[in-house]
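Overview (structure and organization)
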Amino acid sequence: MLKQITQPLWRKIQRNNFRSWEALVSFLELDATHREKTLKQSHFPINIPQRLAGKMKKNCIDDPILRQFLPLEDELKSEEGYSLDAVGDFAARKQGSSRLLHKYQDRALLIPTSACAMHCRYCFRQHYEYGAVDNIDKELGIITNDSSIHEIILSGGDPLSWSHARLGELIKALEEIPHLQRLRFHTRFPVGIPERIDEAFLDMIRQSRLQFWFVLHSNHPLELDQDVLHAMKLILCTGTPVLNQSVLLKGVNDCVDTLEELIRKLVDHGIQPYYLHELDEIQGAMHFKVSRSNALKLMEELQKRLPGYGLPRYVKEEAGKSSKTIVF
Ligand code: SF4
């Protein structure tokens, strides 16, 4: 008799993501004028959890949640300075591996998967060549042989796209590398599918010898509903620090009231605002660009309105630099 494999709830939810233009524009009730501004086909296909689509206003192309996920004709515009590899990922490949990037001292970035819970139109890895890799044994070997690395950042894609079993195996393998002390998750998954933070995942954190750090990526206060915040609370209760990083995006959060509301929600729930990123100049994303002078005005105003611990650092990642550039 065949053994029945039961899927976790989050995986079932993920299967219902919007992945077709037709289904999405129909759900959003976009009229013909709005549809004309969208792209039916893209190198970076539509992928939106139902939860996020449910937060978008109907027939409103300027909705701040929708703008982050719906391909628009604006993506076809290009300008000098926008490239396929805005942050120098290619040059940072360690020993030629597309899954292990080493930019900064002390820590390295491991990319277990190219999959995400959602496709964000401004993503700096939307053109990244992940390569067809089934396992990351080679990368584990490289980390084992470099004792200067004390922290692994799991990034992506989104590391929470991996199943419990695969993630568990990876964490066990990392725990066996004596010089590793910390394991950081960079993830946007819970914003779309907070059910991903289930007991199995929480147990994994509780049982590990590594100190976990959890870095959420959220850009707009509407993304942080009660379920998402509850999921973060569960992680905090394991003793894991939870931080948040955002990208400053035109038409999404380039307004001081919106940023203030986002940050207040974070700090009111024990989540530390970490970085507000200047947009990485990746091809297809230039319509999200906020000028440096406007960004600085926003930061100055936020500084007046928020406690010091609530002010994220406004940063720019520049290819080849040994750390992020702190702009404010
Ligand atoms: S979740 Fe992160 S890695 Fe995935 S598309 Fe969005 S920004 Fe890019």
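Residues numbered from 1 in each chain as written. Predicted model: local features only at pLDDT ≥ 70, side-chain atom pairs only at ≥ 80, totals over all residues. Heavy atoms only, no water.

**A few points about the domain arrangement of the protein chain**
In plain terms, the rule: What counts as a domain boundary in this text is fixed by an automatic or database domain assignment. Throughout, a residue-residue contact means that at least one pair of heavy atoms, one from each residue, lies within 4.5 Å. Two N or O atoms form a polar contact when they lie within 3.5 Å of each other; inside protein one atom must be a possible hydrogen donor and the other a possible acceptor, and for residues adjacent in sequence the pair counts only when both atoms belong to side chains. Here a helix means four or more residues in a row that DSSP labels H or I, a strand means two or more in a row labelled E, and each is numbered from the N terminus.
Parsing the protein chain into structural domains produces domain 1 (9-76) and domain 2 (94-326). Using only C-alpha atoms to locate each centre, domain 1 and domain 2 end up separated by 23 Å. Counting residues at the interface gives 25 residues for domain 1 and 36 residues for domain 2. Joining domain 1 to domain 2, the criterion identifies 19 residue pairs in polar contact (both at pLDDT 80 or more). Elements with a contribution of two residues or more to the side of domain 1 that touches domain 2: α1 (9-15), α4 (50-53) and α5 (64-69).

**Topic: the nonpolar core**
Test applied: Buried residues of nine kinds, namely Ala, Val, Leu, Ile, Met, Phe, Trp, Tyr and Cys, make up a nonpolar core once their side-chain atoms join them within 4.5 Å. With a 1.4 Å probe rolled over the protein chains alone, any residue whose accessible area is under 20% of its type maximum counts as buried; one over 50% counts as exposed, and the rest are partly exposed.
In this structure, Ile152, Leu174, Phe185 and Phe201 are the most contacted members of the largest nonpolar core, which totals 71 residues. When residues in this core are grouped by element, the largest group, 5 residues, is from helix α10 (residues 226-236). Lining this core are residues from two domains, each supplying at least three of them: domain 1 (9-76) and domain 2 (94-326). Leaving out residues up to four positions away in the same chain, Leu174 has contacts with Leu140, Ile143, Ile152, Leu180, Leu183, Arg209 and Leu210. Counting residues in each nonpolar core, the second largest holds 12 residues, with Leu259, Leu298, Leu302 and Tyr314 among its members.

**A short note on the packing of helix α7 (residues 164-175) against helix α9 (residues 199-207)**
Working note: a packed helix pair is described by the angle between its axes plus the distance between those axes. Note the threshold: Every axis in this analysis is a line fitted to C-alpha atoms, fitted for helices over the stretch in contact. Angles between the N-to-C directions lie between 0 and 180 degrees. Roughly parallel here means an angle under 35 degrees, roughly antiparallel means over 145, roughly perpendicular means 65 to 115, and every remaining angle is called oblique.
The interhelical angle for the contact between α7 and α9, taken along N-to-C directions, is 5 degrees, at an axis separation of 11 Å. Considering their axes alone, α7 and α9 lie roughly parallel with respect to each other. Across the interface between the two elements, His164, Leu167, Gly168, Ile171 and Glu175 of α7 pack against Ala200, Phe201, Met204 and Gln207 of α9.

**Observations concerning the sheet that holds strand β7 (residues 272-277)**
Stated formally: For two strands to count as paired, DSSP must find a minimum of two bridges between them.
Strands sit in the order β1-β2-β3-β4-β5-β6-β7-β8-β9 across an open sheet of 9 strands; the sheet is mixed. A strand with exactly one partner marks an edge of an open sheet, and here the two such strands are β1 (100-101) and β9 (325-326). Two strands pair when backbone bridges link them, and β7 and strand β8 (residues 313-316) are joined in this way by 3 bridges, in the parallel orientation. Each residue of the ladder has a partner; that of Leu276, found in β8, is Tyr314.

**Examining the layout of surface pockets**
Inclusion rule: For cavity detection a 1 Å grid was placed over the protein atoms alone, and a set of points counts as a cavity when a 1.4 Å probe fits there but cannot get out; an open set counts as a pocket when protein lies on both sides within 12 Å along at least five of seven lines, with lining residues being those that have an atom within 4 Å of a point. Grid points are joined across faces, edges and corners, and a volume is the space filled by probe spheres set on the points. Three residue categories are used. Nonpolar comprises Ala, Val, Leu, Ile, Met, Phe, Trp, Tyr, Cys and Pro, charged comprises Asp, Glu, Lys and Arg, and polar comprises the others, including Gly.
There is about 990 Å³ of room inside the largest pocket. Lining the largest pocket are 45 residues, and of these Phe124, Ser155, His186, Gln245 and His277 sit closest to its centre. Of all the secondary-structure elements, those providing two or more residues to the lining of the largest pocket are β2 (107-110), β3 (151-154), β4 (182-187), β5 (211-217), β6 (242-247) and β7. Classifying every residue of the lining of the largest pocket by side-chain character gives 23 nonpolar, 10 polar and 12 charged.

**Re the site of the ligand**
To keep it simple, the criterion reads: In these notes, residues near a molecule or strand are those with any non-hydrogen atom within 4 Å of it. For a molecule to be placed in a cavity or pocket, more than half of its atoms must lie within 2 Å of the grid points of that cavity or pocket.
Taken together, Phe44, Cys116, Met118, His119, Cys120, Cys123, Gly157, Arg188 and His217 make up the full set of residues adjacent to the ligand. Taking a 2 Å distance to the grid points as the criterion, the majority of the atoms of the ligand fall inside the largest pocket. Within the shell around the ligand, the residues separate by chemical class into 5 nonpolar, 3 polar and 1 charged.

**Observations concerning the packing of aromatic side chains**
Remark: the centre distance and the inter-plane angle together describe each pair of aromatic rings, the angle taken between the planes. Rules: Note on aromatic pairs: the rings of Phe, Tyr and Trp (six-membered ring only in Trp) are paired at centre separations within 6.5 Å, and the planes decide the class, stacked below 30 degrees, edge-to-face beyond 60, tilted for the rest.
Going through the model one piece at a time under the given rule, you end up with 9 aromatic pairs. Ring geometry for Trp10 against Phe189: centres 5.6 Å apart, planes inclined by 85 degrees, an arrangement best described as edge-to-face. Here Trp10 is found in helix α1, whereas its partner Phe189 is found in helix α8 (residues 189-192), with 179 residues between them in sequence. Phe189 matches Trp10 in its accessibility class, with the two residues each being buried. When the ring of Tyr274 is compared with that of Tyr275, the centres are 4.0 Å apart and the planes differ by 20 degrees; the resulting orientation is stacked. For Tyr274, a relative accessible area of 17% gives the class buried.

**A closer look at the packing of helix α11 (residues 256-268) against helix α12 (residues 292-305)**
To be explicit about the condition: Left-handed describes a crossing whose near helix is turned anticlockwise from the far helix by less than a right angle; the clockwise case is right-handed.
Close contact between α11 and α12 brings their axes to 10 Å; oriented N to C, the two are set at 45 degrees. In this view, α11 runs oblique relative to α12, as classed from their interaxial angle. As for the relative orientation of α11 and α12, their crossing is right-handed in sense. Of α12, the residues touching α11 (which contributes Val256, Asp257, Leu259, Glu260, Ile263 and Arg264) are Leu298, Glu301, Leu302 and Arg305.

**A few points about empty space enclosed by the protein**
The full count for this structure, using the stated rule, is 1 cavity of 30 Å³ or more. By volume, the largest cavity is sized at about 60 Å³. If you go around the largest cavity, the residues you meet are Asn244, Ser246, Leu259, Leu262, Ile263, Leu266, Pro273, Tyr274, Tyr275, Leu276 and Pro312. Residue assignment for the lining of the largest cavity shows that the elements contributing at least two residues are β6, α11 and β7. When grouped by side-chain class, the residues that make up the lining of the largest cavity number 9 nonpolar, 2 polar and no charged.

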